[in-house]
Amino acid sequence: MNMTSATRRFGPVMRACLASAVAGVLATLPAGGVHAADTTDTTAQKSPFVTPQHDVDVTYTIYPPHASQMSLKQRMRWSEARMTQRIDPGNTDTYMITDYRAKTLTVIDPDRRIRTIVPAPGAASVDPSRRAEGTWLRTGSATVAGHACTLWQTSDTDQRQSEICYTDDGVMLQVVRDGKVMVQATTIDTAPQDSTTFDVPSGLKEVRAANP
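Note that the structure is a prediction, hence the values are computed from the model and not measured.

*Asks:* Can you lay out the overall build of the protein chain for me, pointing to particular residues and giving the numbers?
*Replies:* Helix and strand content of the protein chain: two helices and 14 strands. Counting every position in the protein chain, which comprises 212 residues, the buried fraction comes to 47%. If you take every contact in the protein chain between residues at least 6 apart in sequence, the share linking residues at least 24 apart comes to 54%. Only carbon and sulfur atoms are counted for the fraction: they give 49% of the accessible area of the protein chain, which is about 10,400 Å².

*Asks:* Could you give me a rundown of the packing of aromatic side chains, with the residues and numbers involved?
*Replies:* Any aromatic ring pair is given by two values, namely how distant the centres are and how the planes are angled relative to each other. Inspection of the entire model under this criterion finds three aromatic pairs. Ring centres of Trp136 and Trp152 lie 6.4 Å apart, and the angle between their planes is 85 degrees; this geometry places the pair in the edge-to-face category. In this pair, Trp136 is assigned in the loop between β8 (131–132) and β9 (137–144) and Trp152 in strand β10 (residues 147–155), connecting sequence segments 16 residues apart. Trp152 shares its class with Trp136; the two are buried. These aromatic residues form a ring-pair network of at least three members: Trp136, Trp152 and Tyr166. Across from the ring centre of Tyr95, 3.9 Å away, lies the NZ or CZ of Arg86, which sits over that ring. Seen from the ring of Phe49, Arg131 lies directly overhead, with NZ or CZ sitting 3.9 Å from the centre.

*Asks:* Tell me about the confidence of the model for the protein chain, residues and numbers included.
*Replies:* When pLDDT is averaged along the protein chain, the result is 80; 76% of the residues meet or exceed 70. A low-confidence stretch, residues 1–43 stays under pLDDT 50, and its non-local contacts, those more than four residues away or across chains, total 111 contacts.

*Asks:* Lay out the pattern of salt bridges in plain terms, naming residues and giving numbers.
*Replies:* Counted by the stated rule, this structure contains eight salt bridges. For Asp88, the salt bridge goes to Arg77, with nearest N and O atoms at 3.1 Å. With Asp88 in strand β4 (residues 84–89) and Arg77 in strand β3 (residues 72–79), the pair connects residues that are 11 residues apart, well separated along the chain. Asp88 gets classed as buried once you look at its relative accessible area, which sits at 17%.

Parameters at a glance
Residues numbered from 1 in each chain as written. Predicted model: local features only at pLDDT ≥ 70, side-chain atom pairs only at ≥ 80, totals over all residues. Heavy atoms only, no water. Helix = DSSP H or I, 4+ residues; strand = E, 2+ residues; numbered from the N terminus. Buried < 20%, exposed > 50% of the residue type's maximum accessible area, 1.4 Å probe, protein only. Contact = heavy atoms within 4.5 Å. Areas by Shrake-Rupley, 256 points an atom, 1.4 Å probe, with all protein chains shown as cover. Phe/Tyr/Trp six-rings, centres within 6.5 Å; stacked < 30°, edge-to-face > 60°. Lys NZ or Arg CZ within 6 Å of the ring centre and 35° of its normal. pLDDT = per-residue confidence, 0-100. Salt bridge = Lys/Arg side-chain N within 4 Å of Asp/Glu carboxyl O.

Listed below in structure tokens is the structure:
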């Protein structure tokens, strides 16, 4: 699911958060989910791993489509044991926790002490042991934030061509569209993540997602 359709579906309570969530693990996955892992040499692989296969903490810079707009920071943390992702956009205190086992995405507004729960987009596609389905073309390699990654050309859910750089263990480091860098990792930490980072705070009022 792309971010524009997601914001329309889930309503205003999520727009500030989802607007900068293009660096989420599944943001640019083509439709069709995943297929079984291939155990042959990685040079022969036809698609990348697109889910981190270990705990990771990545800070991204999100570049706007227009030069007059400011770039944004976004932090993505992943717990391999919990199969849970946390995204903290840099332009708001609101953040998202996606539990892929429970198939829920919880938007948390700590200032207003509320939470909104919706189905997790792409939940069926998140399996660290499987590679992405769809059409992928290996175009080269790069080094982003000091980490090597493989460049893959593919189409996103809007059928727009993108070149995405993934590490061999499924961490997305860069997205390029129309020759312009849209998302780029700036820091990467592979240390084990504190499990409490992915807990939804207690005592929050639950509100329903607004209609488009």
